[in-house]
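Summary of the model geometry
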Amino acid sequence: MHQLLLRVWSRRGIRSVAGQMFVLQVVVVLVLVAAAVAALLLQSRNDAEREAQKRSLAVAASVASDPAVQRALTEAHPSAVLQQQAEETRKRSGVDFVVVMSPTGIRYTHPTPAQIGQHYIGNIAAAQHGGIVTETTVGTLGPSVRTVVPVTDPQGKIVGLVSAGIAISQVSTAAGREMPLVLTAAGAVLTAATGGSALIGRRLSRQTHGLGPIQMTRMYEHHDAVLHSVREGVLIVDPRGRLLLANDEARRLLGLGADMEGRPVRDLGLAPEAEQLLLSGRATTDEVIEVGDRLLAISQRPTVPPGPGGWVATLRDTTELSALMGRVELVQERLKLLYDAGIGIGTTLDVTRTAEELAEFAVPRFADYVTVDLADAVLRGEEPDPLSAAELRRVALRGIRPGVPFYPAGALIRFDPATPQAAGFGSGRMVLEADLAAFSGWQAQDPERARRLVAHGVHSMITAPLRARGAILGVATFWRSKEPTSFTHEDLSLAEELVARAAVSIDNARRFTREHTMAVTLQRSLLPHLLPEQNAVDVAHRYVPAEAGLGGVGGDWFDVIPLPGARVAVVVGDVVGHGLHAAATMGQLRTAVHNLSTLDLPPDELLWHLDELVTRIDQDRDGAGGTPTLTGATCLYAIYDPVSRRCTMARAGHLEPILVLPDGHASLPGVPVGPPLGLGGLPYEKTEVILPEGSSIVLYTDGLVEDRHHDIDERIERLRRAVEPAGRTPDQMCQAAMDTLLPGPPRDDVALVVARTRLLDDKHTASWDVPSDPAAVAGVRAAAAELLRDWGLEEEAFTLELILSELVTNAIRHATGPIGVRLIHDRSLICEVSDGSSVSPHLRRATTMEEGGRGLFLVAQFADRWGTRYTSDGKVIWTEQRLASQP
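Structure report, in brief.

1. Looking at empty space enclosed by the protein
Tallying each qualifying case throughout the model produces two cavities of 30 Å³ or more. In this model, the largest cavity occupies a volume close to 190 Å³. What lines the largest cavity is a set of 16 residues, among which Tyr407, Trp442, Gln445, Leu453 and Trp479 lie closest to the centre. With three residues, helix 16 (residues 447–455) is the largest single contributor of residues to the lining of the largest cavity. Its residues assigned to classes, the lining of the largest cavity comprises nine nonpolar, four polar and three charged. As a volume, the second largest cavity reaches approximately 30 Å³. Of all elements in the fold, only strand 18 (568–578), strand 19 (633–641) and strand 25 (696–700) reach the threshold of two or more residues within the lining of the second largest cavity.

Dropping the structure here:
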């Protein structure tokens, strides 16, 4: 071996190919071994740091998620509980420290108790906001990793921080122990590689006879170029255009004989394009040339000096590869077609538009004409009947040119059972008609129309049923005329994929249509169709549901409710969300408001009862086993009294109304806002204002004023200016508000109510104070009878006198405080008896032996309606008598 090394390292050996190869191999081996050792050291360090990060994060997260730690952080002295637990965790996990601290960084635990109560040294900003802090620092223990994680309570509030740290040296100890073994192995590899290189150099030197690179290049230049064993043809052409060398594969590909070497390329009988390329000598790579029935990929390069000059060309047979690439390109085109279909079809939730998108997309990329026929039930949003005959509506027709005799769009077609459309709709199978001119049965629907289709050049078709979620919605038919080749069975799979994607979009649109129709029907049935007749206010209103594509029907509602005493309640509300759920909840709230209004409650108390109802609705839904649901609802309730001109309002999370005075001045009355319905806990406050006759109250929902591009206060100000001009009717005010704030389809429901106040003056009202003396009853009866004669209501006088006698007598006997009587001539004759007692009279039936107890029973029999209304001073018992002049 020693002699071999001396020989290799001799001056002559270094000049030889073998010597240079040996030196190069040794250098490469040295570099690789050094790189491997360095990479191992770097990888060991990185692995140790990552392991330290994982361990510190795991320990910190484990402590932070411990319920005992969370409870301890909420106590007055957490260190007493956490210090021992933190130290036990540190010892078990092998970390250097576990520190539990407050959200501001005050330590509750530390391996050194003296550090408890001090600020934590390190970055905790991200952990204070719910993140995780992991950092590598250099301290007394050397490089170490520490991690800080937040501790959150069940409500997600950060109640503390936990930090765990560990020195990297503790993790990297194993790698340090393995380093001597690694270095020993590297030395062994280096020794083995050097010995192997020496043996290879000796063998190479013997076979090359000690020749240098230049001599070997000259000797083997042509021999290396001639690769008879490869599957590529090799040609060498000299500068004068003569063929110097052609291997066996080149002869086979070009059809050359064995004696062609040395002859000019022009005399070889090659294809003109191949001959021109070989004579040009230009460099090219994989230039495809047709030679006979083959496609050859030719690469050509000039030879490198100091050779004889010329150029070398290699040839590869790519005929099969080209065919395969053609199929690959076809598959790629079809995949792109399906991808584009997924993007371009189903952009809207409209059944007809989705079918039109399918037809527009497929023409002319897949077919020359496309027709889409759907069951009428699908267009209505209903499930198609699988047992019905193939009676389909043509909803889409698209083609490369007009005038082809297809059934027009909109036509209702009853397909013959022998047609592919009927077969596909009934069985769900695709049908291919590759030769329409054969008239194999597809023409049974309309033979004359079929002959004209063939005359227009339509020669093949594919009928594909639109199937989604197990239901067949209709059929799509693809027709070819301009494309000379007919549809094939390979096209069936593409058509199937295409219609499958479209069918899902159509079914989604169908389902949306059904839900939207149901929601619209439900909400229309729940909203008031005709406003009740009353004389307190003139009312105009607008309701516009959100456009289907922008959200659909929601939960906005309004109502006008007549109240006793010629008063009226005007209410608007909004339920968050859209669809059936919002409409159904809206119906519940509207019904509840109607029921609560019969109790004649003030607005703040009514909203309190409504809030209780919404809370119970949420509890019922939570108890049904589904996901807990919080009903978001707002409401504004206003009561107007046309006698006193007093308007009392309260709101639960709703937008404030706008009051417009007769002179046109519009302002917000400052109604205190309460929490939305269902939250509970906070009381509602009411506001009372005195309105001049002819004032307008504008109530609206957020859909009118909310806009993503403008501030809501700015939009409310625009509404205020829109309703401000004086002299307009409530309907004109509604229209002005809609024109100003809703130039296009709304993204949310809009409810708008404008109520203009009226006044019942002294000609229609009268009141008396009654002393607490039974003798005063007769005077009240007489005064009331005289008033009714002035009003022309003599026929109602007897009944009113009976009612007054009973009500006033009861007030004198059982009530306290001042007693008052008020008569109101409105659509009915209203009698009100007020007193200072808050005790409501009890209606009962007296027995034959009892002397009393029949008065209130008689009142209930003679009056059309009666009831009790509580006030801040006591109560009011009222009755209503239908007038003969009223229906």
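Further notes follow.
2. Side note on a nonpolar patch on the surface
Together, Met21, Leu24, Val28 and Leu32 line one region of the surface with nonpolar side chains, adding up to about 350 Å² of accessible area. Along the chain, Val28 falls in helix 3 (residues 17–64). What makes Val28 partly exposed here is its relative accessible area of 39%.

3. Quick word on the layout of surface pockets
Taken as a whole, the largest pocket spans an internal volume of roughly 1,100 Å³. For the largest pocket, the lining is made up of 37 residues, of which Asp641, Arg646, Arg869, Thr871 and Val876 are closest to its centre. When residues in the lining of the largest pocket are grouped by element, the largest group, five residues, is from strand 27 (residues 765–770). By residue class, the composition of the lining of the largest pocket is 13 nonpolar, 10 polar and 14 charged. As a volume, the second largest pocket reaches approximately 670 Å³.

4. Side note on the packing of helix 20 (residues 712–722) against helix 21 (residues 730–741)
It is at 9 Å that the axes of helix 20 and helix 21 come closest, and there the two elements cross at 140°. Helix 20 and helix 21 meet at a crossing whose hand is right-handed. Here Arg715, Arg718, Leu719 and Ala722 of helix 20 come into contact with helix 21, specifically with Ala736, Ala737, Thr740 and Leu741. Looking at the contact of helix 20 with helix 21 residue by residue, the class counts come to five nonpolar, one polar and two charged.

5. A look at the packing of aromatic side chains
The tally for this structure, following the rule as stated, stands at six aromatic pairs. Taken together, a centroid distance of 5.4 Å and an interplanar angle of 45° make the contact between Tyr369 and Phe406 tilted. Linking Tyr369 in strand 10 (residues 369–375) with Phe406 in the loop between strand 11 (391–399) and strand 12 (412–414), this pair joins segments that are 37 residues apart in sequence. No difference in accessibility class separates Tyr369 from Phe406, as the two residues are buried. Relative to Trp479, the ring of Trp442 lies with its centre 6.5 Å away and its plane at 70°, an arrangement referred to as edge-to-face.

6. Concerning the sheet that holds strand 12
The antiparallel open sheet is built from six strands, whose spatial order is 12-11-10-15-14-13. Edge positions in the sheet fall to strand 12 and strand 13 (431–433), since each has one partner strand and no second. Between one strand axis and the next, the sheet turns through 25° on average, direction left out of account. For strand 11 and strand 12, the ladder comprises three bridges, and the chain directions are antiparallel. By the bridge assignment for strand 12, Arg393 is matched with Leu412. Against the sheet, helix 13 (residues 351–362) engages strand 10, strand 11, strand 14 (460–468) and strand 15 (471–480), with an angle of about 40° to strand 11.

Cut-off values and rules
- Residues numbered from 1 in each chain as written.
- Predicted model: local features only at pLDDT ≥ 70, side-chain atom pairs only at ≥ 80, totals over all residues.
- Heavy atoms only, no water.
- 1 Å grid on protein atoms, 1.4 Å probe; cavity = no way out; pocket = protein on both sides within 12 Å on 5 of 7 lines; lining within 4 Å.
- Points joined across faces, edges and corners; volume = space filled by probe spheres on them.
- Helix = DSSP H or I, 4+ residues; strand = E, 2+ residues; numbered from the N terminus.
- Nonpolar A, V, L, I, M, F, W, Y, C, P; charged D, E, K, R; others polar.
- Patch = residues over 30% accessible without salt bridge, like charges linked within 9 Å, V, L, I, M, F, W, Y side chains within 5 Å.
- Areas by Shrake-Rupley, 256 points an atom, 1.4 Å probe, with all protein chains shown as cover.
- Salt bridge = Lys/Arg side-chain N within 4 Å of Asp/Glu carboxyl O.
- Buried < 20%, exposed > 50% of the residue type's maximum accessible area, 1.4 Å probe, protein only.
- Axes fitted to C-alpha atoms, helices over the stretch in contact; angles between N-to-C directions.
- Left-handed = near helix turned anticlockwise from the far one by under 90°.
- Contact = heavy atoms within 4.5 Å.
- Phe/Tyr/Trp six-rings, centres within 6.5 Å; stacked < 30°, edge-to-face > 60°.
- Pairing = 2+ DSSP bridges.

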